[in-house]
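A closer look at the structure
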Amino acid sequence: LCFIGHRNAVHPALTPREHSRFLLRPSLSGCSIDSALSEMGLSGVADMPAGLMSDGQQRRLALASLLLSNATLWL
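Glancing now at the nonpolar core. Ranked by size, the top nonpolar core spans 14 residues in total, and within it Leu37, Leu42, Ala50, Met53, Leu61 and Leu68 carry the most contacts. At the level of secondary structure, the elements contributing two or more residues to this core comprise α2 (33-39) and α3 (55-68). For Leu61, the residues in contact, after removing those within four places along its chain, are Val10, Pro16, His19, Ser20, Leu37, Leu42, Ala50 and Met53.

A word on the pattern of salt bridges. Applying the stated criterion to the full structure yields two salt bridges. The salt bridge partner of Arg17 is Asp34, with a shortest N-O separation of 2.3 Å. Placement of the pair is Arg17 in helix α1 (residues 16-23) and Asp34 in helix α2, with a sequence separation of 17 residues. A relative accessible area of 47% places Asp34 in the partly exposed class. Across the pair Arg17 and Asp47 runs a salt bridge, and its minimum N-O distance is 3.1 Å. Of this pair, Arg17 sits in helix α1 while Asp47 sits in the loop between α2 and α3, and the two are 30 residues apart along the sequence. Judged by its relative accessible area of 18%, Arg17 is buried. Taken together, the salt bridges that share partners define one network made up of Arg17, Asp34 and Asp47.

On average, residues of the protein chain score 85 in pLDDT, and 88% of them reach the 70 mark or higher. For the protein chain, the element scoring lowest by mean pLDDT is α1, at 84; α2 scores highest, at 91.

Moving on to the environment of Gly56. Topologically, Gly56 is positioned in helix α3. Exposure remark for Gly56: the relative accessible area of 38% places this residue in the partly exposed category. As a C-alpha pair, Gly56 and Asn8 span 48 residues in sequence and 9.8 Å in three-dimensional space.

Notably, Ala9 is not glycine yet its phi reads approximately 55 degrees, a positive angle. Secondary-structure assignment places Ala9 in the segment before α1. Judged by relative accessible area, Ala9 falls into the exposed class, the value being 64%.

Quick notes on the rules
- Residues numbered from 1 in each chain as written.
- Predicted model: local features only at pLDDT ≥ 70, side-chain atom pairs only at ≥ 80, totals over all residues.
- Heavy atoms only, no water.
- Core = buried A, V, L, I, M, F, W, Y, C linked by side-chain atoms within 4.5 Å.
- Buried < 20%, exposed > 50% of the residue type's maximum accessible area, 1.4 Å probe, protein only.
- Helix = DSSP H or I, 4+ residues; strand = E, 2+ residues; numbered from the N terminus.
- Contact = heavy atoms within 4.5 Å.
- Salt bridge = Lys/Arg side-chain N within 4 Å of Asp/Glu carboxyl O.
- pLDDT = per-residue confidence, 0-100.

The structure is reproduced here in structure tokens:
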């Protein structure tokens, strides 16, 4: 089960790459961090602190967690 709420739950000091490594378990899914960020259009900002990203980019980072999760159900 992977839950995405109305808030993005993205730490502003972490980069998208760090966020993915810290909060997620990409080794359990079939998707790598780089491919998930690329799929969400975040390759260009993968090393930028999330606090400097737009709200839309932060939302796409939160959605990237779905790609990296091993969940069979997304809410």
